[in-house]
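A closer look at the structure
Okay, here's what each chain looks like letter by letter:
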Amino acid sequence: MPSPLASKWTKVFVFLLCLGPFGFLVWRTFTGNLGPNPVEFYQHTTGDWTLRFLVITLCITPFRKLLKLPDLIRLRRMLGLFAFFYACLHFLTYLGPDQSFDLAAMWKDVAKRPFITVGFTAFVLLIPLALTSTAGWIRRLGGRRWQMLHRLIYISAICGVIHYYWLVKSAVLRPLTYAAIVAVLLLWRIGDWLIRRSRAVAATAKTQSAPAKL
Ligand code: HEM
């Protein structure tokens, strides 16, 4: 039986689910239910969801391998693009209401406040990933180079966590929880890479030591 993950309807369902936080923001805007500080409400909601989508995207590969669900890969690109979508909204809520679209003031702020510098870095690193997320770009760059480039998501997630940690004054539990999750996901990848490498080395040694058939 084909996996439900291979169905296009699963993709449609996940797409609609990913739009949920955006729908929530639109609904809260139109019902005038944004709390005492609407800008802060937008910034916090979009910042939270950017980080959540980055983490969810990073979960796909380990879950795919550990749970033996190869078709999960079909959702990875969409989830990564949603991380970028919420990052764009987050950035716009900063550039618009916070900086009045004054790019010179924004640059000054990026240079002055370390938590903005590192958040901006996290955002900028996502741009090449979003631009090269298509099958055409995988072909153009070649699988290996494309994979190397897409490892920038790890740095973006680390910067996102530092950004969050630096902006909270005392409530460090949530940023530290994200830090722990991102650390586990990255360590799993390093472990997986080491295992694959040692298997490849063992396989090469076995072929070389096998007597040649005449
Ligand atoms: C991948 C990129 C980014 C991630 C993952 C991220 C994540 C977050 C998170 C989780 C929060 C806190 C939400 C909460 O308190 O519930 C936040 C707040 C904020 N972020 Fe970002 N962010 C990113 C990029 C940026 C960029 C590019 C800027 C501006 C240049 C920025 C400016 C802010 C500001 C101004 C706040 C609110 C700070 C406050 O309440 O004092 N972020 N971000």
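Before going into details, it helps to say that this report is about the structure given with it. (Residues numbered from 1 in each chain as written. Predicted model: local features only at pLDDT ≥ 70, side-chain atom pairs only at ≥ 80, totals over all residues. Heavy atoms only, no water.)

1. Some thoughts on the nonpolar core
- F53, L75, L79, F91 and M106 are the most contacted members of the largest nonpolar core, which has 40 residues in total.
- Taken together, the elements giving at least two residues each to this core come down to α1 (8-30), α2 (38-66), α3 (73-98), α4 (103-112), α5 (114-131), α8 (152-167) and α9 (173-209).
- Per element, the largest residue contribution to this core is 12 residues, and it comes from α3.
- If we skip the residues at most four places from it in the chain, L75 touches L5, K11 and V14. (Core = buried A, V, L, I, M, F, W, Y, C linked by side-chain atoms within 4.5 Å. Buried < 20%, exposed > 50% of the residue type's maximum accessible area, 1.4 Å probe, protein only. Helix = DSSP H or I, 4+ residues; strand = E, 2+ residues; numbered from the N terminus. Contact = heavy atoms within 4.5 Å.)

2. Details of the packing of aromatic side chains
- Summed over all chains, the structure comprises 15 aromatic pairs.
- With a centroid separation of 5.9 Å and an interplanar angle of 55°, the aromatic rings of F91 and F120 are classed as tilted. One end of the pair, F91, is in helix α3; the other, F120, is in helix α5, with 29 residues separating them in the sequence.
- Classification of F120 as buried rests on a relative accessible area of 17%.
- Ring centres 6.0 Å apart and planes at 55° place the aromatic pair Y164 and Y178 in the tilted group. With Y164 in helix α8 and Y178 in helix α9, this residue pair connects regions lying 14 residues apart in the sequence.
- Y164 sits in the buried class, given a relative accessible area of 13%.
- Here R52 stacks its cationic end above the ring of W49, 4.6 Å away from the centre of that ring.
- Seen from the ring of W137, R140 lies directly overhead, with NZ or CZ sitting 4.6 Å from the centre. (Phe/Tyr/Trp six-rings, centres within 6.5 Å; stacked < 30°, edge-to-face > 60°. Lys NZ or Arg CZ within 6 Å of the ring centre and 35° of its normal.)

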